[in-house]
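Listed below, chain by chain, are the residues.
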Amino acid sequence: LDAVVAKLNAIEGYTKQFQQALGTDVTSEGIAKALAAYERTQLSGDPPYDRFKAGDKTAMSESAQRGMALFFGKANCSACHSGPNFTDNAFHNIGVPGTDAGREAISKSLGDRGSFKTPTLRDVARSSPYMHDGSLKTLEEVVAHYAKGGTAHEQLDEEVYELKLTDAQKADLVTFLKEGLSGASYPMHTAPELPK
């Protein structure tokens, strides 16, 4: 965090925005406040999946419905992406290549090596790139990653294994993620221009 504070303080636009919003240069406390304020603006609502589950059987296409069946069945996505927010709020090693310690950096437990918190999948089509390191750019890449069982790792979560999905099944799963879990009310925005 100290490195992030130093980096942001070296960017004039960020220091101006922090001064304007919080009356200080960039601090770790200010970053926490800014992130919390931003997160409070991100509200998901009324995706086709919710309407479908409430009884509107026309809310999702047939492809999205097939993808939903895979999500909760053969593809096993709901093992980790469960509940109303499509997250178990737990930490898992999902076989993303690299040397990032993940949760192990905090817990000091070898079993947490390469583990990261399961994100929500609500409005997932609007939150690329994917994975903790942004290494996968599309949902098609994410589904392909899971379909092959991730990348081998001694701490790989037991819920990640080769799925043996056909190309058509992968496409249906992506359709469910894109079409079924995205609400029309999610705010679309771009990064603000930094003052010079």
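Scope of this entry: the structure provided in the associated data block. (Residues numbered from 1 in each chain as written. Predicted model: local features only at pLDDT ≥ 70, side-chain atom pairs only at ≥ 80, totals over all residues. Heavy atoms only, no water.)

**Let's talk about the overall build of the chain**
- Helix and strand counts for the chain come out as eight helices and two strands.
- Taken from N to C terminus, the helices and strands of the chain fall in the order α-α-α-α-α-β-α-β-α-α.
- Restricting to contacts in the chain with at least 6 residues of sequence separation, those with at least 24 account for 62%.
- Of the roughly 11600 Å² of accessible surface on the chain, a fraction of 55% belongs to carbon and sulfur atoms. (Helix = DSSP H or I, 4+ residues; strand = E, 2+ residues; numbered from the N terminus. Contact = heavy atoms within 4.5 Å. Areas by Shrake-Rupley, 256 points an atom, 1.4 Å probe, with all protein chains shown as cover.)

**Examining the environment of Leu 70**
- Following the sequence through the fold, Leu 70 ends up in helix α5 (residues 62-72).
- For Leu 70, a relative accessible area of 8% gives the class buried.
- As a C-alpha pair, Leu 70 and Leu 181 span 111 residues in sequence and 14 Å in three-dimensional space.
- Leu 70 has contacts with Ala 75, Asn 76, Leu 165, Gln 169, Asp 172 and Leu 173, leaving out every residue within four places of it along the chain. (Buried < 20%, exposed > 50% of the residue type's maximum accessible area, 1.4 Å probe, protein only.)

**With respect to α5**
- Within the span of α5, buried status applies to Ser 63, Ala 64, Gly 67, Met 68, Leu 70 and Phe 71. For α5, the buried positions fall inside an angular range of 160 degrees around the axis, keeping them on one side. Residues Glu 62 and Ala 69 are exposed on α5 and point more than 90 degrees away from its buried face.
- Where α5 is buried, its residues touch α4 (48-53) and α8 (167-180). (Arc of directions from axis to C-beta.)

**Points about the packing of aromatic side chains**
- Overall, the coordinates contain seven aromatic pairs when judged by the stated rule.
- By the ring-pair criterion, three or more aromatic residues cluster together here, those being Tyr 49, Phe 71, Phe 72, Phe 86 and Phe 176.
- Sitting above the plane of the Phe 52 ring, Lys 57 keeps its charged end 4.3 Å from the centroid.
- Above the face of the Phe 91 ring, Arg 103 is positioned so that its terminal group lies 4.4 Å from the ring centre. (Phe/Tyr/Trp six-rings, centres within 6.5 Å; stacked < 30°, edge-to-face > 60°. Lys NZ or Arg CZ within 6 Å of the ring centre and 35° of its normal.)

**Overview of the packing of α5 against α8**
- At a minimum axis distance of 7 Å, the contact between α5 and α8 shows a crossing angle of 100 degrees. The pairing of α5 with α8 is recorded here as roughly perpendicular in orientation. Taken together, the residues of α8 that come into contact with α5 (itself represented by Ser 63, Ala 64, Arg 66, Gly 67, Met 68, Leu 70, Phe 71 and Phe 72) are Gln 169, Ala 171, Asp 172, Leu 173, Thr 175, Phe 176, Leu 177 and Glu 179.
- The residue inventory of the contact of α5 with α8, partitioned by class, reads nine nonpolar, four polar and three charged. (Axes fitted to C-alpha atoms, helices over the stretch in contact; angles between N-to-C directions. Parallel < 35°, antiparallel > 145°, perpendicular 65-115°, else oblique. Nonpolar A, V, L, I, M, F, W, Y, C, P; charged D, E, K, R; others polar.)

**Let's talk about the packing of helix α7 (residues 139-147) against α8**
- The geometry of α7 relative to α8 is characterised by a closest axis approach of 10 Å and an angle of 130 degrees between their N-to-C directions. In terms of their interaxial angle, α7 and α8 are classed as oblique. Taken as a pair, α7 and α8 cross one another with a handedness that is right-handed. Every residue of α8 that contacts α7 at Leu 139, Glu 140, Val 143 and Ala 147 is listed here: Lys 170, Leu 173, Val 174, Leu 177 and Lys 178.
- When the residues that make up the contact of α7 with α8 are grouped by side-chain class, the tally is six nonpolar, no polar and three charged. (Left-handed = near helix turned anticlockwise from the far one by under 90°.)

**A closer look at the side chain of Asn 76**
- Looking at the element boundaries, Asn 76 is found in the loop between α5 and β1 (91-92).
- A polar side-chain atom of Asn 76 sits 3.3 Å from a polar atom in the side chain of Tyr 161.
- In this structure, Asn 76 is in contact with Leu 70, Phe 71, Glu 159 and Tyr 161, ignoring residues within four places of it in sequence. (Polar contact = N/O pair within 3.5 Å; in protein donor to acceptor, adjacent residues only side chain to side chain.)

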